Amino acid sequence: MNPILYSNIIGKGKPLCILHGFLGMSDNWKTLGNQYADNGFEVHLIDQRNHGRSFWSEKFNYDLLAEDLLRYLNDKNIERTALIGHSMGGKTAMQFACSYPQKTEKLLVADIAPRFYPPHHQDIINALTQLDFDLINTRGDADEQLKKHLKNFGVRQFLLKNLYRTKNGTFELRMNLEVLSEKMEEIGENISSSESYNGPTLFLKGSKSEYVTDADTAQIKRHFPKAQIEVIDDAGHWLHAENPDQFFEKSFRFLRQLE
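Throughout what follows, the structure given in this document is the object of discussion. (Residues numbered from 1 in each chain as written. Predicted model: local features only at pLDDT ≥ 70, side-chain atom pairs only at ≥ 80, totals over all residues. Heavy atoms only, no water.)

### What about unusual backbone geometry?
A positive phi angle is found at asparagine 50, which is not glycine, with a value near 65 degrees. With respect to the helices, strands and loops of the structure, asparagine 50 is situated in the loop between strand E3 (41–46) and helix H2 (62–75). Classification of asparagine 50 by relative accessible area gives buried; the value is 0%. The phi torsion at aspartate 234 lies on the positive side, around 50 degrees, for a residue other than glycine. Along the chain, aspartate 234 turns up in the loop between strand E9 (227–232) and helix H10 (239–242). (Helix = DSSP H or I, 4+ residues; strand = E, 2+ residues; numbered from the N terminus. Buried < 20%, exposed > 50% of the residue type's maximum accessible area, 1.4 Å probe, protein only.)

### Concerning the pattern of salt bridges
Scanning the entire structure with this criterion turns up ten salt bridges. Put simply, aspartate 75 and lysine 76 hold a salt bridge, and the shortest N to O gap is 3.2 Å. Judged by relative accessible area, which is 30%, lysine 76 ranks as partly exposed. One salt bridge connects aspartate 214 with lysine 205, and the closest N-O pair in it is separated by 3.9 Å. Relative accessible area serves as the criterion here: at 65%, aspartate 214 is assigned to the exposed category. What makes lysine 205 buried here is its relative accessible area of 16%. (Salt bridge = Lys/Arg side-chain N within 4 Å of Asp/Glu carboxyl O.)

Right, here's the structure in full:
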C-alpha cells in the first residue's frame, strides 16, 4: 500500500487542494496558497508522487496520481474539495474530477488541456541529469552548471527549488529524476478519454502560452460541459507566477461563487 502524499496545510475553512506541475513542488504555490488561506480556505499544498517530499515510485500515470489524491483526501477525512492544478497537476486534477466527481467541489485547471502533448522537457531533464553534485557546495554552484544548458533564469530558479542539503552536508534533488525522465510519454498523456465532470470548471490560460488553444475548446467541453475559459494577461505557461495578482483575482472569484 502506498504512503500518503506529503502536504503543507494552511488556513481554515473550505478545503482547497493545489497540485503543482512537472518537476515542481508544493512550495511553488506557497504565496498564492497563503492568499487563499487568508480568504476562508483550508489550503492543502500537495507534493505529487516522485516530486517534493512525497514518496517515490516506479509507477507513474494519471490514474495513479488521481488515486493518490483520493487516498490523501480519505486520510484527511475530506468529503469534497475544490481543486487547482497546473500543467501536469492540471491533468491530475482533471482525471480526479472525472473519476471521482462526488469528491470534487470545483475544478480549476491552469494552462493545460485534456489532450496528448508530445514530450518537450528533454532539455531540462538533460540539464538536471548532468549536474555534478561533487562540485556543488552552494545553490550558486548548481545555477552555474544549469546555466550551461538552460539560459532562462526563471526556469533555473524554478528547478533550483528542488535542491536541498542532506544531513551529510551534500546537495541532492527532491524529485525522482530517473523515473520522471523515463515517464515523459506518460506525462504528456491525455486523461481517460470517455469520462466527464459536470461540475463548475474554470480553465485559465496564459496569453503568451500555446498550451491551450481555440482548437482545444471542443475537447474541453466534451469532458467538462460547464467549463469556462479565461485568459491571464502578460503570462506564459507559468501564469500563476508571471501574473499572480490576476491569477488570484480570477481564481478566487470562481472559487467563492455559489453554484
